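Read off the chains here:
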Amino acid sequence: MKKTIITVVICMLILSCKNQEPIAKGYQGQGKSAVVSTLSKPVQKQWKGVWTFDNETVFFSNDFESGRLNGVVFDGNDHYTTLITAENTPVNVSPWYAFKVWSNTPKTITIKMTYQDSRSRYYPKISTDGLHFTPLDSTNFTSINQGSGSFGIKAVPEMVEIKVNINKSPIYITAQELYGSTRVKSWIDSLATKDFISTYEIGKSKEQRAMNLMEVSTGDHKKAVMVISRQHPPEVTGFLAMKSFIETLSGDSPKAQKFRDNYDLFVVPLMNPDGVDNGHWRHNMGGIDLNRDWQDFNQPETQSVRDFLVKKESEGYEFVFGADFHSTWDDIYYPIDSTITGNKGKIVFDWINNITNRLPQKHTNVKPSTEIKPTMVSRNYFYVNHHMPAIVFELGDNTPRDFLKEKGKVAAEELMDLLDNKD
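Reference entry: report on the structure contained in this document.

Each value, and the rule that gives it
Residues numbered from 1 in each chain as written. Predicted model: local features only at pLDDT ≥ 70, side-chain atom pairs only at ≥ 80, totals over all residues. Heavy atoms only, no water. Salt bridge = Lys/Arg side-chain N within 4 Å of Asp/Glu carboxyl O. Helix = DSSP H or I, 4+ residues; strand = E, 2+ residues; numbered from the N terminus. Buried < 20%, exposed > 50% of the residue type's maximum accessible area, 1.4 Å probe, protein only. Pairing = 2+ DSSP bridges. Contact = heavy atoms within 4.5 Å. Axes fitted to C-alpha atoms, helices over the stretch in contact; angles between N-to-C directions.

**Quick look at the pattern of salt bridges**
For the coordinates displayed, the defined rule picks out 28 salt bridges. With a closest N to O distance of 3.8 Å, D252 and K194 form a salt bridge. Taken together, the positions of D252 in the loop between helix 3 (236-249) and helix 4 (254-262) and K194 in the loop between helix 2 (181-191) and strand 12 (197-204) put the pair 58 residues apart, joining distant regions of the chain. On the basis of relative accessible area, D252 is assigned to the exposed category, the value being 59%. A residue is classified by how much of its surface remains accessible, and K194, at 26% relative accessible area, is partly exposed. With a closest N to O distance of 3.7 Å, D331 and K362 form a salt bridge. Here D331, found in the loop between strand 16 (318-328) and strand 17 (332-335), pairs with K362, found in the loop between helix 8 (346-358) and strand 18 (365-366); they are 31 residues apart in sequence, far enough to count as distant. Relative accessible area serves as the criterion here: at 2%, D331 is assigned to the buried category. Connected through shared salt-bridge partners, K45, E207, R209, D274 and D277 make up one network.

Below, the structure is given as structure tokens:
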């Protein structure tokens, strides 16, 4: 009898475990993207200049690269309300802001941040030089109409109030760190001092800014890795991870030197220079989400990369890996499902597993896609048109910056190992 009871209990435990659904952990990613027209739409270009208040003693400005501030109201008693609006609508809810504030006399002011049909996605960063940023002290941050849940726009406040100390030296208040086209070009040029790195234009943006490409090459290779970043202007954390990724691949380690003995590296670090420099939430100056234009190529920015890839393939290049760096609510990988890519796409999943094993301290979900047509997004275009195993590599808005750098470095090292084993 005792033996029978034990057997029944064991069977019940086995059945309960078998039927239990796995518990979802962390950010589960966005849903299926709608197919939309990428024909250009009107864009409201913001006014750039300086607002003056309180008898011309307090000043606000958006007049710098990546600045965004659409209106300011003085409410009295050192309280100001700012308005942040999008370049056009409909638009992804990524309300980017970046402005400077200063005063003729030292004082503490309160700034209420309001957004057009959105909520306060990005936690304020403060800088005195536009280069080095720190998050605002939490004691100076107040949520208004706090959201619910863990992720997504509904989880964050509708508005916020921040307190800042100001004086004659302007301080920057921004959604994320500033990496406009001038600063990005300066970074590219600093790497291009190495004799195996060159930089050149592959096209022009809607507003005729340069589409700069960085080429890392030490010989007459016909295998290459393709990397792009900043299709969406506010997605700075993806850029920072990409920056570390590229610096590692072009570094002086024996592993990097061996990688360059066999592969070229092509990088477009700023896919949307107009959107970045104009402080857009999402779109280029054609009013379009560039990562929906890899099917019809109505925008000059995607056309430039398409034409470059076609040219390189005509020269005999084989693209062995492609990565598109983005930012979202938390770290997540978007590969193409192995049921579609088969053995060719195995390197992407091996790469994800190897990164995960080396960085177990931060959980990252994986959301493979089984739909690759219409190509529409860069990853699908890379794979369908250029047979390139590819991934959308997303980093969280609030992922610690030291970890972003480490993740970019580890991702580069693991890719180099996999490609070395492949040869």
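**A short note on the sheet that holds strand 1 (residues 50-53)**
Ordered in space as 1-2-5-11-7-8, the 6 strands form an open sheet in which the pairing is antiparallel. The sheet is open, and its two edges are formed by strand 1 and strand 8 (134-135), each paired on a single side. Pairing of strand 7 (residues 125-127) with strand 8, which is carried by 2 bridges, proceeds in the antiparallel orientation. Bridging from a neighbouring strand, I126 pairs with T134 of strand 8.

**Examining the sheet that holds strand 14 (residues 223-229)**
The sheet built from 8 strands is open, its strands ordered 12-13-15-14-16-19-17-18 with mixed pairing. For this open sheet the edge positions go to strand 12 and strand 18, each flanked by a neighbour on one side alone. With 6 bridges connecting them, strand 12 and strand 13 (residues 210-216) associate as antiparallel partners. Directly across from T199, in strand 13, lies its bridge partner M214. Its contacts with the sheet place helix 6 (residues 300-314) against strand 12, strand 13, strand 14, strand 15 (264-268) and strand 16, and it is angled at close to 125° to strand 12.

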